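# Structure assessment
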Protein chains: 2
Amino acid sequence: MEARLALSARCTDGVTSTAAFFDWLAERRLRHAQRTERIPFDALDQWGFDPDTGDLGHTTGRFFSVQGLRVRSDFGAVPEWSQPIISQPEVGILGIAVREIDGVLHFLMQAKSEPGNVNGVQLSPTVQATRSNYTRVHGGSPVPYLDAFRTPEPGRVLADVLQSEQGSWFLRKRNRNMVVEVGPELRAGDDFCWLTLGQLNALLRCEDLVNMDARTVLSCLPDWDRVDGPGSAEHTGQEIRCWLTDRRVVHEVVTERLPLRAVPGWHRTADAITHDEGRFFSIVAVRVGSRSREVPSWTQPLLRPHGQGIAALLVKRVGGVLHALMHARVEPGFVDTVELGPTVQCTPGNHAHLAAADQPPLLDLVRGTDRASLLFDTVLSEEGGRFDHARCRYMIISVDGRDPVEESAGMRWLSLSELEDLLKSSGQLNVQARTLVAALRAVR
Amino acid sequence: MEARLALSARCTDGVTSTAAFFDWLAERRLRHAQRTERIPFDALDQWGFDPDTGDLGHTTGRFFSVQGLRVRSDFGAVPEWSQPIISQPEVGILGIAVREIDGVLHFLMQAKSEPGNVNGVQLSPTVQATRSNYTRVHGGSPVPYLDAFRTPEPGRVLADVLQSEQGSWFLRKRNRNMVVEVGPELRAGDDFCWLTLGQLNALLRCEDLVNMDARTVLSCLPDWDRVDGPGSAEHTGQEIRCWLTDRRVVHEVVTERLPLRAVPGWHRTADAITHDEGRFFSIVAVRVGSRSREVPSWTQPLLRPHGQGIAALLVKRVGGVLHALMHARVEPGFVDTVELGPTVQCTPGNHAHLAAADQPPLLDLVRGTDRASLLFDTVLSEEGGRFDHARCRYMIISVDGRDPVEESAGMRWLSLSELEDLLKSSGQLNVQARTLVAALRAVR
């Protein structure tokens, strides 16, 4: 399978030429043009505030809800805070179908609009469905291609692992990331397009195109170009496991559910729940009109971040082997205490009021990087079904030829192969780090 | 390291002859004879019931507390119940020091008494310390050998992984399981003894001798006798990962904290919190007198199980490669939904009132096993610092030469190597399965 993936990665064109892909995408964007408008909370249909707790939820209790969370943590500069957070206990499926066409593996990608996307349609996995979607709680149409993932043929599963999503915005949310090989009977519908891995790797460089769900699934693919053997990494696997265990034990994180109405430092107006100093994000409500969705028009809450994020990975080559500097991060919504994140991950505006010593480590280095060291630098969108205009600048920065960047207690240089091994297990790399692994494999 | 472990496993005697070991153990048992007596709750010193919740805790808020939990789950015959449960958010260290003596690795084991042990002293890891112990909250003496585990030399760590404990009795409890190689400067104190892996493997067959903490640490040792190569297992690693992901998604488990005073179906008397039909366990209080503990005499609550448990593993050889039938289990206290348990794990008395169809799968087969098929059959104790007289019959049953035992949706045959690989990660095998892996490696 690794050789077949490697072949697909070398193919920069496939049954769909990249030119034809962009034509198709433009056509889909026209067809699925969505109208998303802000509305006051009391115009939400089937969503409302619980009279006791003030939690914002759907009348059926399904989909997701917005609750309150109090956090005590020794990670970062702020030891204690409270915040709204999205609770979505259902595990959804993010699945990409792959099929051999003309001897080359192609990936079935979907043109999908989401209400929070800055540009309407982005490129998503073949299937991107919450359990409420695929059990059709809202009585919509069936999810295309779902069966390929609910009953995959044994031996044709390339990846199948639960992975976390934004731990600052989601409480213990996880999705099932799957890649499944299918046969020639599976054909692309109008909203779908077969692309090679080489094409996808190129498209990752386009702003706001490959959506978050597609990126995390791609990151879980088996490694197709392992060049390093045992002993070529700076740390052995055992050393990395030991360090990760240590990080999980060292950090004390205590979270406690709060009624949303009782979250200190936040207030609710007619159309937003906002931080008193305007930092972090707001909870807002929107009405969405669309021709393509399972249901014709609907309203829902979204989390709207304030300011664009940065997720930056420092990389270097040691004896030819790519290494990335990973940061063991605490985020309150993680199932386990700690996952590995990028070297730097933050929304700078949220830290602007803090002293210089309390700024995220290495943020200055990242912001001062010269063009020549930037292996990857693209603004990409986060999940448009839950977040409104959530964008993050993803950067991969080579430090080869510069002063060495030393490890701190919370940071270690891992080889790309070690990252790929960790991605076979749940809860080791956070969603931003997974985007950067997908990007790193695309540009190496 | 694998070759050095294999050599130690072949040595059935070491610097301490097994005869000398038993002499030493008898002497330690005399010296550390403990007096544990049941007392009413109101005779507890520094422990009490919270006036609001009825939770049972220590005045400092440290150590552990007994709380209530409501559980809804689609695993097993009972869809919903409430129960008391032990909350101990602190991660402790369970560590065994190993040292080369006369060219052979020896393990430094401790003779340690615990109030709930049926026989006072059992064989424990070098260090068995909660964070409250080693930060000396109760002002006791320092924990011997702790530094070897708090600041281990890089490259001398054989195992370091967080592992769960009884998910029916503990809420999200985990301990750090460590094996660290030390140098000749480390010498055995009076309560400590150097044993080879071969000796430890033999001692696992003695009733109530190698304690739970020692067994789980031993299970996390690297495999020292891997005979099978890739492709020799019934399922590939990818198939097993896919199945485990599926089990974690299929099962819906919802837990909710309850005030201990409001746990339906349980009642509190002056000296016990008990299930109304007398099933499962009681929460009791004891006074402990001892010469050897960090503090001279103390009182504490214990969880006292009703009836002896069974943990049985069916095994077979496929092309010479050992396989075990693992059961994907839901226990409410797991950090993640599902971990792999033994083929059968239950306390039969807790199920006696249920219909035949609702008995644990394969329990009849296990109970009807003939002597000749039993590779391992020993009653061992669970953690005596929290559980009072908690004993379980651990069985390994060969089904070679019998009718094949088929997999169900919740069960898969895994090779021993696959189990050993899973043990490098947290939260994959539950504590009973880990004892059985240690036992299986001892008898294979």
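Each remark here, short or long, concerns the structure printed above.
Here's what I pulled together on the structure shown here. Throughout this document, residue positions are counted from 1 along each chain, in the order its sequence is written. The lettering of chains begins at A and the numbering of ligands begins at 1, in the order of writing. Only residues with pLDDT of 70 or above have their local features reported here, since the model is predicted, and side-chain atom pairs are shown and tallied only from 80 upward, although totals for entire chains, interfaces and linings are computed over all residues. Hydrogens and waters are ignored; side-chain quantities use all the structure's heavy atoms.

## Structural notes on the packing of aromatic side chains
Our working definition: Any Phe, Tyr or Trp ring, taking Trp's six-membered ring, that has another such ring centre within 6.5 Å forms a pair; planes under 30 degrees apart are called stacked, those over 60 apart edge-to-face, and the others tilted. Counting from the N terminus, the helices are the DSSP runs of H or I reaching at least four residues and the strands are the DSSP runs of E reaching at least two. Using a 1.4 Å probe on the protein chains alone, a residue whose accessible area is under 20% of its type maximum counts as buried, one over 50% counts as exposed, and one in between counts as partly exposed.
Enumeration over the complete set of coordinates arrives at 20 aromatic pairs over all chains. On the numbers, 4.7 Å between centres and 65 degrees between planes, the contact of W169 of chain B with F387 of chain B is edge-to-face. Pair noted here: W169 of chain B is in the loop between β10 (157–164) and β11 (170–171) and F387 of chain B is in the loop between β23 (374–381) and β24 (391–398), with a separation of 218 residues, a long-range link. One exposure class covers both W169 of chain B and F387 of chain B, and it is buried. Ring centres of F170 of chain B and F387 of chain B lie 5.1 Å apart, and the angle between their planes is 50 degrees; on these two criteria the pair is classed as tilted. Here F387 of chain B lies in the loop between β23 and β24 and F170 of chain B lies in strand β11, a separation of 217 residues in the sequence. Neither residue differs from the other here; F170 of chain B and F387 of chain B are each classed as buried. An aromatic cluster is built from F21, F22 and W24 of chain A, whose rings are joined through pairwise contacts.

## Some points on the relation of the copies chain B and chain A
Inclusion rule: Only residues with pLDDT of at least 70 in both copies contribute their C-alpha atoms to the least-squares superposition of the copies. The contact criterion used throughout is that any non-hydrogen atoms of two residues lie within 4.5 Å.
Expressed as a screw transformation, the operator carrying chain B onto chain A has a rotation angle of 180 degrees and an axial translation of 0.0 Å, and the superposed copies differ by an RMSD of 0.0 Å. Such a combination of turn and shift is consistent with a two-fold rotation axis. Residue V335 of chain B, judged by its C-alpha, is the member of chain B lying nearest the rotation axis, at 3.7 Å. Comparing contact sets, 100% of the residues at the interface of chain B also lie at the interface in chain A, consistent with an isologous, same-surface contact.

## Some points on the packing of helix α6 (residues 212–219) of chain A against helix α11 (residues 431–443) of chain A
All names here are of chain A. Keep this limit in mind: In this analysis, axes come from line fits to C-alpha atoms, helices being fitted only over the stretch in contact, and the angle between any two N-to-C directions falls in the range 0 to 180 degrees. We call two directions roughly parallel when the angle between them is under 35 degrees, roughly antiparallel when it is over 145, roughly perpendicular when it lies between 65 and 115, and oblique otherwise. If you view the pair so one helix is near and one far, a crossing is left-handed when the near helix is turned anticlockwise from the far one by less than a right angle, and right-handed when it is turned clockwise.
Look at α6 against α11: their axes get within 8 Å of each other, and the N-to-C directions meet at 65 degrees. On the basis of the axis angle, α6 is roughly perpendicular to α11. Our pair here, α6 against α11, has a crossing hand that is left-handed. Counted together, M212, R215, T216, L218 and S219 of α6 and V431, R434, T435, A438 and R441 of α11 form the full contact between these two elements.

## With respect to unusual backbone geometry
We note that D102 of chain A has phi near 50 degrees; this positive angle belongs to a residue other than glycine. Take D102 of chain A: it is sitting in the loop between β6 (92–101) and β7 (104–113). Overall, the relative accessible area of 72% leaves D102 of chain A in the exposed class. Even without being glycine, D208 of chain B reaches a positive phi, approximately 50 degrees. Its location among the elements puts D208 of chain B in the loop between α5 (197–203) and α6 (212–219).

## Some words on the interface of chain B and chain A
Note the threshold: Take a side-chain nitrogen of Lys or Arg and a carboxyl oxygen of Asp or Glu: if they are within 4 Å of each other, that pair is a salt bridge. Polar contact is defined as a pair of N or O atoms within 3.5 Å, subject to the rule that within protein one atom must be able to donate a hydrogen and the other to accept it, and that residues adjacent in sequence are counted only when both atoms are side-chain atoms.
At the interface, 27 residues of chain B touch 27 residues of chain A. Connecting chain B to chain A are four salt bridges. Where D246 of chain B meets R176 of chain A, a salt bridge forms, and the shortest distance between an N and an O atom there is 3.2 Å. Inspection of the chain B/chain A interface yields ten residue pairs in polar contact (both at pLDDT 80 or more). Elements with a contribution of two residues or more to the side of chain B that touches chain A: β10, β12 (174–181) and α7 (237–250) of chain B. Element by element, the count of residues in the side of chain B that touches chain A is highest for α7 of chain B, at nine residues.

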